[in-house]
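The lines below spell out each chain.
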Amino acid sequence: MVHLNNNLRLKELMKQLSDARDTFLGYPVSKDFDYSALQDFFKYPINNLGDPYEDSTYRVQTHEMEREVIDFFADLFRADPQDYWGYVTNGGSESNLYGLYIAREMYPKAMVYFSESTHYSVKKNIHLLNIPSIVIRSQENGEIDYEDFENTLQFNRDKPAIVLSTFGSTMKEAKDDVSRLKGILKKLAIQDHYIHCDAALSGSYGSFIEPRIPFDFRDGADSISISGHKFIGSPIPSGVIITKRSLKDRISKGISYIGSSDTTITGSRNGHSALFLWYAIQKLGKAGLKKRYLKSLETTLYCKEALIKEGIPAWSNPGAITVVFPRVNEKIKRKWQLATEEELTHIICMPNVTKDQIDAFVGDVKSCRRSEEKQTICT
Ligand SMILES: *Cc1c(COP(=O)(O)O)cnc(C)c1O
């Protein structure tokens, strides 16, 4: 009986997950993936323990695929072909922790600068690493306030600077201009500096945005993080960190037990994630990723116009796939799983979001307004 009961519970859970997936507009997670070809790999205890560039004694691993994932993103982010390194992480947060970790090891006496729009994981990471930090004001659109950055930096010119720039902020998908931040560091002659770019959300399509918004290695970044389960999509959360090999070498320590260098944050690492990401980029290629982005951009425009037509002041940052507008009532917010922050909410037009879903959402907003006019409460 217990057995039957459990089957029933799994069925219910499946339905619950499927329903939730289909009314989901507020979080940056793609749901249009198909990894069924990889099903049989769940029979193996894959573990990417250790540095992906070194052979470990544990051989049930996907290091080769992992390195190809790193190659792909290093190329996309215009890293020096002779000087890059990285690994597949458990998510953007771990990638950010790694970037900050290298930065702190390079400049133990540094100050970290990050804007008000920075993701909460960064604050926690800074706390874990115990680095002093200063919050810089954000502009109305969510982008860092360059003037406040310059003034604040000026006061601390005697200290090395670690700058945490955001490429695609959580609420408004604002993007800090890495070249501009680098220019300010140069202008103030702060030679000891490190720029980590948190591109968890927008890194996967950042290279296709026109006009270009500077964020990559050639623009001045020393490390870049992305999330694998956001724009690309994966059943398991994952992330990528890309940095310079020369920087990573400063912090690696050899561990004889696994026969590899302990260069990663966690010991055991998810080898299935690396395989999924590899599969996705093999299928898509750069051209496929770009196509995905352009589709999202078109949906964004459609969504923005549909809301504006209803008199809702919707807007989006240049090149962004996030539409920002004043918060909606609780019922609609819950149904469409919308995140809200200070009177604002957003729809993130991930590649799987359809115009039909946008129409259904706008329809809900419309009918709710009608019932509000009739003085009935629509929550
Ligand atoms: C999602 C996100 C993160 C955290 O990434 P996880 O993959 O959820 O750990 C960090 N920064 C930004 C800007 C994000 O959008």
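Residues numbered from 1 in each chain as written. Predicted model: local features only at pLDDT ≥ 70, side-chain atom pairs only at ≥ 80, totals over all residues. Heavy atoms only, no water.

Chemist: Please explain the sheet that holds strand β2 (residues 111-115) as it appears in this structure.
Modeler: Sheet strands pair via backbone hydrogen bonds, and the direction of the pair is either parallel or antiparallel. Strand order in this open sheet of seven strands is β1-β7-β6-β5-β4-β2-β3, and the pairing throughout is mixed. Since the sheet does not close on itself, it has two edges, and those belong to β1 (85-89) and β3 (133-136), each with one partner. Recorded for the sheet is a direction-independent mean angle of 15 degrees between the axes of neighbouring strands. Pairing of strand β6 (residues 223-227) with strand β7 (residues 239-243) involves five bridges; the strand directions are antiparallel. Across the sheet, residue S223 finds its bridge partner in β7, namely T243. Contacts from helix α3 (residues 92-106) reach β1, β2, β4 (161-166), β5 (193-198), β6 and β7, with the element oriented near 180 degrees to β5. Most of the contacts of helix α4 (residues 120-129) go to β2, to which it runs at about 170 degrees, and overall it touches β2, β3, β4 and β5. (Pairing = 2+ DSSP bridges. Helix = DSSP H or I, 4+ residues; strand = E, 2+ residues; numbered from the N terminus. Axes fitted to C-alpha atoms, helices over the stretch in contact; angles between N-to-C directions. Contact = heavy atoms within 4.5 Å.)

Chemist: I tried to follow the domain arrangement of the chain on my own but got confused; where do I start?
Modeler: One frequently used descriptor of interface size is the decrease in accessible area upon assembly of the parts. Here the chain is partitioned into domain 1 (13-29 + 286-370) and domain 2 (38-283). Here the C-alpha centroids of domain 1 and domain 2 sit 27 Å apart. With 24 residues of domain 1 at the interface, the matching set in domain 2 holds 21 residues. At the boundary of domain 1 with domain 2, total buried surface from both sides reaches about 2,000 Å², with 68% on carbon and sulfur atoms. When the area that domain 1 buries against domain 2 is broken down by residue, the three leading residues are K286, L289 and Y293, summing to 31%. Linking domain 1 with domain 2 are one salt bridge, by the criterion used here. D75 is the salt-bridge partner of K286, the closest N and O atoms lying 3.0 Å from each other. The interface formed by domain 1 and domain 2 includes eight residue pairs in polar contact (both at pLDDT 80 or more). When residues of the side of domain 1 that touches domain 2 are traced back to their parent elements, those giving at least two are α8 (271-309), β10 (322-326), β11 (340-341) and β12 (344-348). (Domains from an automatic or database assignment. Buried area = accessible area lost by both parts, 1.4 Å probe. Salt bridge = Lys/Arg side-chain N within 4 Å of Asp/Glu carboxyl O. Polar contact = N/O pair within 3.5 Å; in protein donor to acceptor, adjacent residues only side chain to side chain.)

Chemist: Even after reading the chapter, I still don't get the environment of E66, so can you show me in this structure?
Modeler: Relative to the helices and strands, E66 is located in helix α2 (residues 63-76). Placed 273 residues apart in sequence, E66 and A339 show a C-alpha to C-alpha distance of 32 Å. Setting aside chain neighbours within four positions, we find E66 in contact with N48, P52, Y87, V88, R269 and A274.

Chemist: What am I meant to see in the site of the ligand here?
Modeler: Not every one of the 13 residues close to the ligand is listed here, only the nearest: G92, S93, D198, S227 and K230. Between the ligand and S93 there is a distance of 2.6 Å, counted from an oxygen atom to a side-chain nitrogen or oxygen. Within the side chain of K230, a nitrogen or oxygen atom sits 2.7 Å from an oxygen atom of the ligand. Protein chains bury 87% of the 380 Å² of accessible surface belonging to the ligand in isolation. Ranked by residue count, the leading element in the shell around the ligand is α3, at three residues. Of the residues that constitute the shell around the ligand, the class distribution is two nonpolar, nine polar and two charged. (Near = heavy atom within 4 Å. Areas by Shrake-Rupley, 256 points an atom, 1.4 Å probe, with all protein chains shown as cover. Nonpolar A, V, L, I, M, F, W, Y, C, P; charged D, E, K, R; others polar.)

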